[in-house]
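Architecture at a glance
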Amino acid sequence: MRADDQLDLVFDLENLRVDYAEDGSAQFKRIASDNPGRITVFLSGQHVFEPSFVVSADGGDPIVLPPLQVRLGDPARLVFEYQGDGPLPFSIETLLDWQRFKFKVPTSPVPQSAFHKPLASETAIEAPYGLYFAPHDDHSWRQANKTIGKSGFREIWHASLVGVPNAELRSGFESAKVIAVWSRKHDPSLGQAPIDDRTREDIVKLTHGANVNATPITAHGLTLTGQGAFLNLRANFPYDCTSAISLTHVSQRSSYGQDNDVVISRRGFLYPFGHEVEAVWATTREPAEVFPVAGALPVEGGYLRKRLFIQFKQQERSYAETASAATLPFRSIRFESDLSLPLDEPVSVTVSIAKPDGSLWAEKAFWPSAGGKPVMFSALAEDWSGKLVRLSVPVIFIEFDATSADASPVAESDAYWERLQHVQAEYRQSGRGVTGVYDTSVAVAVPRTPLDTSVELIKVQFDAVTELRSVCPASNSLFDLAATQIQARLPMLRATVSESENLGWFSILDPDRNDMETFLQAAPGIIAGDEKRIRLGCSGQSEKSGGFFSLDMTVGGVSRIYGATGQQNTTTALASGGPQTFNPLDYFGDDTVLFGGIKIKDVLQAGLSIAEAQMPKVIQRVRAYPDVPAEIRQSIDWMTEQFQSWPNASTPIFAVQQSSPDLVVESGNPTRFTLSAETSISLDSTLRPKATVSARLSNFSLQLLFGGNGVLIRFRSFVFFIDTAGTTTFRPDIDSVELKGAIMAFIQALQQLLKDILGDIGISINLLPTGVEIQLPSFNFPSLSFGAFLLQNLNIASSVEISFRSQPTSYKFNFSTPDNPFTVAVGIYGGAGSFALTVDIREIRSFSASFGFGAFARLDLGIASGSAALLGGLSYWLQKAEVGGVPTTNIEYLFYVRAYGSVTALGFITVGVDFYLALVIKTGMPSYSEGLVEVSYSVKIGFFKKSFKLTFRRRFNGSGASSAMFASSNPSGRTKREILTKSQWTQYRRAFAGGN
């Protein structure tokens, strides 16, 4: 021991003896010449264990008040061999001249089975604590043999390890290399170590193992002193596909045996995006104040603080060459920062991924979290048009330690593969794979023209597909990013469908692998209700598409060629090979109708190939001009001649040239339908959008037959147009109306017969708020009189109404009307009546009939005169309607009898009596029977008049049954209603009708 420079060494000599000369000098030399002499130098422990305290977003571990539990490492041992023959001076200078001796270090590398704690005959330095190092045997030490200093100051004795000599370097030596030959287990009761047990063991394996590509640690500085070591160690371990060790980097700096900073990195990937990253544990010494008790003065000190980070080795990853590229909305994703914020230690179930047995994968698989919540990593995703889209996503770190031999795939029993399956299951169950995007225009597939694959991307459900592959020679995560579904709004429908309705879930397809170039197909979504699809149509508001045509298409996909397409009956992926066909049953909904009731899918031909089919195009285009802002045009364009008569070609209701040429105007030209709707939206917000809609159906007929009788209306065309000013033009062009059947032939003959009398009977067309009414010729019969028989006011009229409200086209037929009935008289007997019938292409919608009859008599005696009448009648009314969405048939019957009379005497006294009895029977909603009796009388004397009216009504059954009798006398001025008792009513009835 030398106090001046704190030299404190212990020497142990083996196979060496010391001989003293007469002058007092001493020498040592080998005892056995066939064995080297051994000099073992012992230094005090060179490194101190000190606990580290975790720092995270939620604060981390609290710092413990001093004194901390610390441990001093084992004494350092340097072993040298002397193989010379001559004696050496036995002096401190000779014992410190280590360069003249041969270094004795453990044999390295060795198989892991041969790992052992360094023998007493081998060099071993425990620095850092728990890890035993040894230099290479060709290295040497540089140290002072005598005290160095001046002005009363002395330099602390130290020995620095240097590598092999290199004259080209300024220092003259290569950087030293050391290997870790042994590690001991840490006592967790002492606190958390800066380097954990697994890392120390991996360092030994990677630097000392014979079954790996052993890589030594570079000692940029390794200096031993009597007060502890100065360390500056660094190692980067290359990837080895045959080694199941994820450790990539270790570095450590210490002064006087105390750590200043320690960094440990492990290789991994971010699930599901596949970016290569490292989990980094960084421990640094930082000043801190600790308060023993509240209000006390703080205790200041330097403490080791440990933090966990994610370090990106690959900030940007391209997916263009992956197998799942065509099903992704982005071709690359770049994370904006290369280093995360400090993360929570993965020691809880909210952060770490759990194994099936409930234990945790801990640092091997975890959600990078802060404050117990997954960190949202900011990224820029590049869509397939080159646009950058901002994302904020949670990820799972999965440590990569898979192995495989050569090009062989990883075995299913591989620990990494097992861990990957647990990560995938956790990611799916967590629901965190659904990421909000909210970008108005994202090209989710490779476009052919600008914006033809762009949608308003709302959400993306990310996931990954796993595959057993080789991890040699380069690392391979064994998973590829996938986008299971996306939620999007379709820009080409923005002007047609409301924002809330223009929202659906889709899966992404490869447009180059199907005939329609479909790149989106409807998907079921995430939660209940997501399966609702976008519906393009005007159901209930068909005036948007021309009145006679109501478009209803459940969007099942989006094509680069056709825009939004309908595939309402399937969510399975399109076939990737073979021809595809156009099936109207899949394409259009049941509410896509012509003339309110003819389903478009029933009148279009099915089974045509995509190349042959004339499909609607619902697309978006961009136009740019030199001097004006660009504009986006959204349009629906469709022209088709693929019609067939419906419901059959022999007796069709909707007749087309393709199936029934004899029933249309031009038998040689096909029936054709064109629809064009376009909205122009300028990018200049000061300009208003412009929209036009036009539809045209040409060369077709409507035929309504009932029992062989009916009407055939031949149309040249049916046109609807709305210009940019909102002006509506409606133009039906009817060629002829032909009445068919025996009954209608009779009417048609009457039409011809009366043509000379009534003139040319034409067709009138009325544009109503709810549709178009086409009034066919009406026939007014002249009065017919044969003796006492008289028939007059007989009128036959009919009309066709085409609804704008998705109601079926209806046909009305009237024999006079209730407000203008026909009348029949025979002598004193007479009657009146009317009939009406309304039918559509599906059923009878309403029917009504009424007929009244009676007799009339008059008496004149000179001083007195009077009249009396007795009438009776009945009516029948039927109507079909929907009540609360339930089809209901309402029927009403009315039977009535009326008797009235009056007598006038002396010219100024008049007495009148009127009796009315009726029975109403109603079925449907509501349903009831009701009786009604009304009796009234009046007396007039000169200018004085008094009248009295009694009403009795009773509902016999059905809802709201009640009975009440009311009496009132208007001339008295009383406004109060009085309810008669039963005895009062009986007395009154007997006064007029007699009897009991």
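Numbering of residues starts from 1 in each chain and follows the order in which that chain's sequence is written. In keeping with the predicted nature of the model, local features appear solely for residues at pLDDT of at least 70, side-chain atom pairs appear and are counted solely at 80 or more, and the whole-chain, interface and lining totals rest on all residues. The basis for every side-chain value is the complete set of non-hydrogen atoms in the structure, without hydrogens or water.

Another aspect to go through is the overall build of the protein. When helices and strands are counted, the protein shows 7 helices and 68 strands. Residue burial in the protein is summarised as follows: out of 996 residues, 45% are buried. Contacts are assigned to residue pairs that have any heavy atoms within 4.5 Å of one another. Within the protein, contacts between residues at least 6 apart in sequence are counted, and of these 58% link residues at least 24 apart. Every accessible area reported is derived by Shrake-Rupley at a probe size of 1.4 Å, with residue values counting cover from the shown protein chains alone. Carbon and sulfur atoms provide 54% of the accessible area of the protein, an area that totals close to 47600 Å². Numbering of helices and strands starts at the N terminus; helices are DSSP runs of H or I of at least 4 residues and strands are runs of E of at least 2. The rule is simple: take the accessible area with a 1.4 Å probe, protein chains only, and divide by the maximum for that residue type; under 20% is buried, over 50% is exposed, in between is partly exposed.

Let us now look at helix 2 (residues 197–208). To estimate how far a helix should reach, multiply one less than its number of residues by 1.5 Å. With 12 residues, helix 2 extends 16 Å from end C-alpha to end C-alpha; this agrees with the ideal 16 Å at 1.5 Å per step. Inspection of helix 2 places Thr199, Arg200, Asp202, Ile203, Val204, Leu206, Thr207 and His208 among the buried residues, and these make up the whole buried set. Tucked inside the fold, the buried residues of helix 2 contact strand 12 (131–135), strand 17 (176–183), strand 18 (217–225), strand 20 (247–255) and strand 21 (258–271).

So, about the sheet that holds strand 2 (residues 16–20). Pairing within the open sheet is antiparallel, and its 3 strands lie in the order 2-3-9. With one partner strand each, in any of the chains shown, strand 2 and strand 9 (88–89) form the two edges of the open sheet. Pairing analysis gives 2 bridges linking strand 3 (residues 26–30) to strand 9, with the strands arranged antiparallel. The residue bridging phenylalanine 28 from the neighbouring strand is leucine 88, located in strand 9. Here the rule is simple: two strands pair whenever DSSP picks up at least two bridges between them.

Taking 1.5 Å per residue, 16 residues should reach 22 Å; helix 3 (residues 415–430) reaches 23 Å between its end C-alpha atoms and fits that length. Those residues of helix 3 that sit buried are Tyr416, Trp417, Arg419, Leu420, His422, Val423, Gln424 and Tyr427. If you follow the buried residues of helix 3, they end up packed against strand 21, strand 26 (365–366), strand 31 (396–399), strand 33 (454–466) and strand 34 (479–489). If you check the start of helix 3, you find a side-chain oxygen 2.8 Å away from the backbone N of tyrosine 416, and it comes from aspartate 414. Positioned one or two residues after helix 3, glycine 431 has a phi angle of 75°, which is positive. Pairing of N or O atoms within 3.5 Å defines a polar contact, subject to two protein rules: one partner must be a possible hydrogen donor and the other a possible acceptor, and residues neighboring in sequence count only if both atoms are side-chain atoms.

By definition, the strands of a sheet pair up through backbone hydrogen bonds, in either a parallel or an antiparallel sense. Strand order in the open sheet made by the 4 strands is 1-4-8-10, with antiparallel pairing throughout. Where the open sheet ends on each side, the last strands, each with one partner, are strand 1 (10–14) and strand 10 (102–103). As judged from the 8 bridges shared by strand 4 (residues 37–45) and strand 8 (residues 75–82), these two strands associate in the antiparallel manner. Within strand 8, the residue paired with valine 41 across the bridge is leucine 78.

What follows deals with the confidence of the model for the protein. Every residue is assigned a pLDDT by the predictor, reflecting its confidence on a scale from 0 to 100. Residues of the protein with pLDDT of at least 70 account for 81%, and the chain-wide mean is 81. Note that pLDDT drops below 50 for residues 538–547; the model gives that stretch 36 contacts with residues more than four away or on any other chain. Throughout residues 568–579 the model reports pLDDT below 50, and contacts reaching past four residues in sequence, or to other chains, amount to 27 contacts.

Counting residues in hydrophobic clusters, the biggest one holds 72 residues, and the most contacted among them are Leu490 and Leu520. Setting aside chain neighbours within four positions, we find leucine 520 in contact with Val444, Val455, Ile486, Leu490, Phe506, Ser507, Ile508, Gly556, Gly557 and Val558. Ranked by size, the runner-up nonpolar core spans 54 residues in total, among them Leu95, Leu96, Val178 and Leu233. Here, nonpolar core refers to any group of buried Ala, Val, Leu, Ile, Met, Phe, Trp, Tyr and Cys residues whose side-chain atoms link them within 4.5 Å.

So, on to the pairing of strand 59 (residues 822–826). Bridge count for strand 56 (residues 789–792) against strand 59 is 4 bridges, and the pairing is antiparallel. Counted as the bridge partner of leucine 791 is valine 824 from strand 59. As paired strands, strand 59 and strand 60 (residues 829–840) are joined by 5 bridges and run antiparallel to one another. In the strand pairing of strand 60, phenylalanine 822 is matched with glycine 833.

Right, let's get into the side chain of aspartate 259. Among the secondary structure elements, aspartate 259 is positioned in strand 21. The buried charged residue aspartate 259 lacks any salt bridge, with arginine 285 as its nearest oppositely charged partner at 6.3 Å. One polar contact links aspartate 259 to serine 254, side chain to side chain, over a distance of 2.7 Å. The contacts of aspartate 259, once residues within four sequence positions are left out, are His47, Pro194, Gln252, Arg253, Ser254, Arg285 and Leu304. Here Asp and Glu are counted as negative and Lys and Arg as positive; His is not counted, and neither are the chain ends. Salt bridge, as used here: a side-chain nitrogen of Lys or Arg that lies within 4 Å of a carboxyl oxygen of Asp or Glu.

Attention now goes to the packing of aromatic side chains. By convention, a stacked pair of Phe, Tyr or Trp rings (six-membered ring in the case of Trp) has centres within 6.5 Å and planes under 30 degrees apart, an edge-to-face pair has planes over 60 apart, and any other such pair is tilted. Under the counting rule described, the total for this entry stands at 30 aromatic pairs. Centre to centre, the rings of phenylalanine 49 and tyrosine 129 are 5.7 Å apart; their planes meet at 45°, and the pair counts as tilted. Here tyrosine 129 lies in the loop between strand 11 (125–126) and strand 12 and phenylalanine 49 lies in strand 5 (residues 48–49), a separation of 80 residues in the sequence. Here phenylalanine 49 matches tyrosine 129 in class, with each residue buried. Ring-pair connections join several aromatic residues into one group, and the members of that group are Tyr239, Phe269, Tyr271, Trp367, Phe400, Tyr416, Tyr427 and Phe479.

Two side chains carrying opposite charge are able to pair once their charged atoms lie near each other. Counted according to the given criterion, the structure contains 34 salt bridges. A salt bridge links glutamate 14 to arginine 38; the shortest N-O distance between them is 2.9 Å. With glutamate 14 in strand 1 and arginine 38 in strand 4, this pair connects stretches of sequence that are 24 residues apart. Note on glutamate 14: relative accessible area 40%, which makes it partly exposed. Measuring nitrogen to oxygen at the nearest pair gives 2.4 Å for the salt bridge that ties glutamate 641 to arginine 672. Taken together, the residues span a long stretch of sequence, with glutamate 641 in the loop between strand 46 (631–640) and strand 47 (654–656) and arginine 672 in strand 48 (residues 672–682) at a distance of 31 residues. Residue class for arginine 672 comes out partly exposed when judged on its relative accessible area of 37%. Residues participating in the shared-partner salt-bridge network are Arg317, Glu467, Arg469 and Asp480.

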